[in-house]
Amino acid sequence: MGIGSLLRIMISYNLYSWTFLFLVVRVFVSFITAFLAIFLWKKTRQSAQIFLVMAFLSMFIDSIYDVLLTFGFFASNIESLGGFPIFVFIFSLAPYVFFILSLIFFIREN
């Protein structure tokens, strides 16, 4: 994929829509939380906090994946199993699974 095709994709997308603004804010906020989570990761050895860090990092990965899907870098039907989008399901569900595990370990430690 060259620069010309990338520019055609970007031009064809309506950058003035509310969905684009929501996507930019979501990526920015998830980047900040992932950046701060990496600092937390260096200072902790508790499993509850590690799962919390993994939840924030998976939120960032999910938002980046949404950006790549929105701009057409990936076709959303490629990773489907019988019409079910597996990667979209896994990337959107992973943060919640890590949050649940983190809360379980927080409860068990206290």
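In case you missed it, the structure is sitting above this.
Since the model is a prediction, treat every value here as computed from it, not as a measurement.

Visitor: Any chance you could break down the environment of Phe 31 for me, citing the residues and the numbers?
Guide: Inspection of the secondary structure assignment puts Phe 31 in helix H2 (residues 18–43). For Phe 31, a relative accessible area of 40% puts it in the partly exposed group. Sequence-wise, Phe 31 and Phe 60 are 29 residues apart; in three dimensions their C-alpha atoms are separated by 5.9 Å.

Visitor: Lay out the pattern of salt bridges in plain terms, naming residues and giving numbers.
Guide: The tally for this structure, following the rule as stated, stands at two salt bridges. The partner of Arg 26 in a salt bridge is Asp 62, and the shortest N-O contact between them spans 2.6 Å. Of this pair, Arg 26 sits in helix H2 while Asp 62 sits in helix H3 (residues 47–70), and the two are 36 residues apart along the sequence. With a relative accessible area of 9%, Asp 62 lands in the buried category.

Visitor: Please set out the nonpolar core residue by residue, giving values where relevant.
Guide: Within the largest apolar cluster, five residues are counted, these being Phe 20, Leu 23, Val 27, Val 67 and Phe 71. By residue number, the principal contributor to this core is H2, which donates three residues.

Visitor: Give me the packing of H2 against H3: which residues, what numbers.
Guide: For the pair H2 and H3, the least separation of the axes is 8 Å and the interaxial angle reads 150°. Classified by the angle between their axes, H2 and H3 sit roughly antiparallel to one another. Considering only the axes of H2 and H3, their crossing is left-handed. Looking at side-chain class alone, the contact of H2 with H3 contains 16 nonpolar, five polar and three charged residues.

Visitor: Before we move on, can you summarise the packing of H3 against helix H4 (residues 86–109) with the specific residues and values?
Guide: In the contact formed by H3 and H4, the axes pass within 8 Å of each other and the chain directions differ by 165°. Classified by the angle between their axes, H3 and H4 sit roughly antiparallel to one another. The interaxial crossing formed by H3 with H4 has left-handed handedness. The class makeup of the residues in the contact of H3 with H4 is 20 nonpolar, five polar and two charged.

Visitor: I'd like to hear about H3, residue by residue, with values.
Guide: Compared with an ideal rise of 1.5 Å per residue, which puts 24 residues at 34 Å, H3 spans 34 Å between its outermost C-alpha atoms and is within 8% of the ideal. Burial in H3 covers these residues: Ala 48, Phe 51, Val 53, Ala 55, Ser 58, Asp 62, Ser 63, Tyr 65, Asp 66, Val 67 and Leu 69. On its buried face, H3 is in contact with H2 and H4. The first or second residue beyond H3 is Gly 72, which carries a positive phi of 85°.

Scoring rules and cut-offs
- Residues numbered from 1 in each chain as written.
- Predicted model: local features only at pLDDT ≥ 70, side-chain atom pairs only at ≥ 80, totals over all residues.
- Heavy atoms only, no water.
- Helix = DSSP H or I, 4+ residues; strand = E, 2+ residues; numbered from the N terminus.
- Buried < 20%, exposed > 50% of the residue type's maximum accessible area, 1.4 Å probe, protein only.
- Salt bridge = Lys/Arg side-chain N within 4 Å of Asp/Glu carboxyl O.
- Core = buried A, V, L, I, M, F, W, Y, C linked by side-chain atoms within 4.5 Å.
- Axes fitted to C-alpha atoms, helices over the stretch in contact; angles between N-to-C directions.
- Parallel < 35°, antiparallel > 145°, perpendicular 65-115°, else oblique.
- Left-handed = near helix turned anticlockwise from the far one by under 90°.
- Nonpolar A, V, L, I, M, F, W, Y, C, P; charged D, E, K, R; others polar.
- Expected span 1.5 Å × (residues − 1).
- Contact = heavy atoms within 4.5 Å.

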